[in-house]
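Read off the chains here:
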There are 2 protein chains.
Amino acid sequence: MDLQISIQPSQKLALRDPESSPLGRKIIRDGIVLMHRLGYEQFTFKKLAEVVECTEASIYRYFENKHRLLLYFLTWYWNYVEYQAIVSLQNLNDPALKIRKVIEILTVGLPNWSDASGIDKAALHEIVIAESSKAYLTKDVDIINGEQLFKPYKDLCRHISDLFSAYNPSYPYPRTLASTVLEMAQFQPYFMEHLPALTDFGKERDHSKVAAFLENLVFSALQPKTSSEN
Amino acid sequence: MDLQISIQPSQKLALRDPESSPLGRKIIRDGIVLMHRLGYEQFTFKKLAEVVECTEASIYRYFENKHRLLLYFLTWYWNYVEYQAIVSLQNLNDPALKIRKVIEILTVGLPNWSDASGIDKAALHEIVIAESSKAYLTKDVDIINGEQLFKPYKDLCRHISDLFSAYNPSYPYPRTLASTVLEMAQFQPYFMEHLPALTDFGKERDHSKVAAFLENLVFSALQPKTSSEN
DNA sequence: TATTTTTAATAGTAATACTATTATTTCTTA
DNA sequence: TAAGAAATAATAGTATTACTATTAAAAATA
């Protein structure tokens, strides 16, 4: 299944649409691999230019700065996840099953983990895990948010919170729970690998452990309360 | 109550103990205020040197780089929270009450929010909220972790997870739940202020809403399950 | 008082994050 | 198909950042 059509990040993110030229496409593909290898801080446009075999200035014609490039990567990912979630859930009816499926997509990975885009999705997923907080933990959050650049993430959060509300309409914190699940689906695998003392899991690469934790957490929270509790 | 004695970050963090000289103390106090104002990315030692009225090189004699300075700030904060948690909980017996108290300390703030240290704790708390992820979301995590520099945070996580285990010894994810609570106690107030669509709260400054959510989440998760659930 | 030790300032460098200008290629359309 | 226009990329810069080697001054100690 080829689904490039659905994964076009906002026009505002790039100065020129990188998918419209061979150089632009190479900047995205090679950029993902290089940022994954070096990490956001060590990644520079100069180093990317060497890999892409163009000049630094050419990259600046596509992206204002590396923060915008990171946002472009993340937006691509969240659009992809949202699309996959819609496809995977459309023939499910049980609200509980839908919730389980979404948690699986967020942690273990996407069911269709290959297409013709040429994008290294494993690298992209690890960029999302390690760098996505840096997209909004900046003094420019409010400006970036005003440009609607977090819309895909917020839409996905809304989508998940709707699943929670469908399961239990009286639960008072569906969105907060959704953003908690979204964030922890990234942080806990990172903790597992680098700071295992913060988890109950060994230094394993098995993300299904995180899925089990999140399922337990979500279904406990959504369980209608008995009158003895507040 | 004066408790500076207990809040000495690790020796490894600073090249020279900043609390041992007037210049060092000024670097810490002014550094907190400046990093809070500019954010981690825009904060530089040159700008701090202007405020402190010393040279850039003088600051480098205390801290290797600004990442180490951030770690110093965070360590100070987590040591302070751990200390306050111990003091606040020592005369409580009910496990549930202890959990509630810790959540309150993490979200609403510390009970004794003033001492003689001269440190702007409100600014420090906001640095923790906005910047602490940047302490470990770096390619050097494993090196820094090997130097035991995340110990105060891990100790606090362990402390909280012990409270969870005391409340329900059969709960299988006490540490993961503790790190989830610790992270969300910072992220959710940030979301509330900058990305309210990710929460169920308006753009308020009332952190007690976050506390209510976390209490609900924790006590639901820790509730012994009936046999009908997995 | 002389000497050692500590502490800070000077004066740099390499790398980063950009930008203004110029050159080249590609696309129209006459 | 050739000339002009538009798009795209390269050259060559700059200001700032992150740091360091060396020197100077101050403080502590003998």
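Fair warning: this is a prediction, and the values are worked out from it, not measured in the lab.

Looking at DNA strand C, there are 16 residues lining it, with A:Tyr60, A:Asn65, B:Leu23, B:Ser58 and B:Arg61 nearest. Considering the 4 Å shell around the protein, atoms of DNA strand C inside it are sugar or phosphate in 54% of instances. Between B:Arg16 and DNA strand C, the recorded distance is 3.4 Å, taken from a side-chain N or O atom to a phosphate oxygen. Counting only elements with at least two residues in the surface near DNA strand C, the list comes to α3 (56-60) of chain A together with α3 (56-60) of chain B. Examining the composition of the surface near DNA strand C, we find that 3 residues originate from one element, α3(A), more than from any other.

It is worth spelling out the pattern of salt bridges at this point. Here the structure, examined in full by the defined rule, presents 17 salt bridges over all chains. Two residues, B:Arg68 and B:Glu147, come together in a salt bridge whose shortest N-O distance is 3.0 Å. One end of the pair, B:Arg68, is in helix α4 (residues 66-89); the other, B:Glu147, is in the loop between α8 (141-146) and α9 (151-167), with 79 residues separating them in the sequence. With a relative accessible area of 10%, B:Arg68 lands in the buried category. Residue B:Glu147 is classed as partly exposed on the basis of its relative accessible area, which comes to 23%. Shared partners join several salt bridges into a network, and the residues in it are A:Glu41, A:Glu131 and A:Lys134.

Looking at the secondary structure, you find A:Phe150 in the loop between α8 (141-146) and α9 (151-167). The exposure class of A:Phe150 is buried, given its relative accessible area of 6%. When the C-alpha atoms of A:Phe150 and A:Tyr136 are compared, they prove to be 8.6 Å apart, with 14 residues separating the residues in sequence. When neighbours within four sequence positions are excluded, A:Phe150 is seen to be in contact with A:Leu71, A:Ala135, A:Tyr136, A:Val141, A:Ile144, A:Asn145 and B:Leu195.

Moving on, we get to helix α2 (residues 45-52) of chain A. All names here are of chain A. Among the residues making up α2, those that are buried are Phe 45, Leu 48, Ala 49 and Val 52. The buried residues of α2 all sit within an arc of 105 degrees when viewed along its axis, so they share a single face. Exposed and oriented more than 90 degrees from the buried face of α2 are Lys 46 and Glu 50. Looking at the buried positions of α2, the neighbouring elements they touch are α1 (22-42), α3 and α4 (66-89). One or two steps after α2, the chain reaches Glu 53, where phi turns positive at roughly 60 degrees.

Since one α-helical turn is 3.6 residues long, residues separated by three or four positions face the same way. Taking 1.5 Å per residue, 15 residues should reach 21 Å; helix α11 (residues 208-222) of chain A reaches 21 Å between its end C-alpha atoms and fits that length. The element α11(A) is largely enclosed, with a buried count of 12 among its 15 residues. Three or more residues of α11(A) are buried, namely A:Val210, A:Ala211, A:Phe213, A:Leu214, A:Glu215, A:Asn216, A:Leu217, A:Val218, A:Phe219, A:Ser220, A:Ala221 and A:Leu222. Against the buried residues of α11(A) lie α5 (95-107), α9 and α10 (174-194) of chain A together with α10 (174-194) and α11 (208-222) of chain B.

With that settled, the discussion passes to the interface of chain A and chain B. The interface is formed by 54 residues belonging to chain A together with 54 residues belonging to chain B. Summing both sides of the interface, chain A and chain B together bury roughly 4,700 Å²; the carbon and sulfur share of this comes to 62%. Three residues stand out in chain A for area buried against chain B, namely A:Leu137, A:Tyr173 and A:Leu198, and they jointly supply 14% of the buried area on that side. Scanning the region where chain A abuts chain B turns up 0 salt bridges. Where chain A touches chain B, the interface holds 24 residue pairs in polar contact (both at pLDDT 80 or more). Sorting the residues of the side of chain A that touches chain B by element identifies α1, α6 (121-131), α7 (133-136), α8, α9, α10 and α11 of chain A as the ones contributing at least two each.

Of all residues adjacent to DNA strand D, which total 15 residues, the nearest are A:Leu23, A:Ser58, B:Glu56, B:Tyr60 and B:Asn65. When the atoms of DNA strand D within 4 Å of the protein are sorted by group, sugar and phosphate make up 57%. A distance of 3.3 Å is found between a phosphate oxygen of DNA strand D and a side-chain nitrogen or oxygen belonging to A:Arg16. One nitrogen or oxygen atom from the side chain of A:Thr55 is found 3.1 Å from a phosphate oxygen belonging to DNA strand D.

Here we come to the side chain of A:Thr138. Following the sequence through the fold, A:Thr138 ends up in the loop between α7 and α8. Excluding residues within four positions of it along the chain, A:Thr138 makes contact with A:His67, A:Ile144 and B:Tyr190.

Calculation notes
- Counting restarts for each chain, with residues numbered from 1 along the sequence as it is written.
- The naming scheme follows written order: chains are lettered A onward, ligands numbered 1 onward.
- In keeping with the model being predicted, local features are shown solely for residues with a pLDDT of at least 70 and side-chain atom pairs are shown and tallied solely at 80 or more, while totals for entire chains, interfaces and linings include all residues.
- Water and hydrogen atoms play no part in the side-chain values, which are based on all heavy atoms of the structure.
- Note on definitions. A residue lies near a molecule or strand when any single heavy atom of the residue is within 4 Å of it.
- A 3.5 Å cut-off defines polar contacts: any pair of N or O atoms within that distance qualifies, except that in protein one atom must be a possible hydrogen donor and the other a possible acceptor, and neighbouring residues in sequence count only when both atoms are side-chain atoms.
- Segments assigned H or I by DSSP are reported as helices when at least four residues long, segments assigned E as strands when at least two residues long, and all are numbered from the N terminus.
- Salt bridge, as used here, is a side-chain nitrogen of Lys or Arg placed within 4 Å of a carboxyl oxygen of Asp or Glu.
- Here's how the labels work: a residue is buried when its accessible area is under 20% of the maximum for its type, exposed when over 50%, partly exposed in between, all with a 1.4 Å probe on protein chains only.
- Contacts between residues were defined by any pair of non-hydrogen atoms, one from each residue, lying within 4.5 Å.
- Comment: arc refers to directions from the helix axis out to C-beta atoms.
- A helix is expected to span 1.5 Å for every residue after the first.
- By buried area we mean the combined loss of accessible area, with a 1.4 Å probe, across both parts when two parts are placed together.

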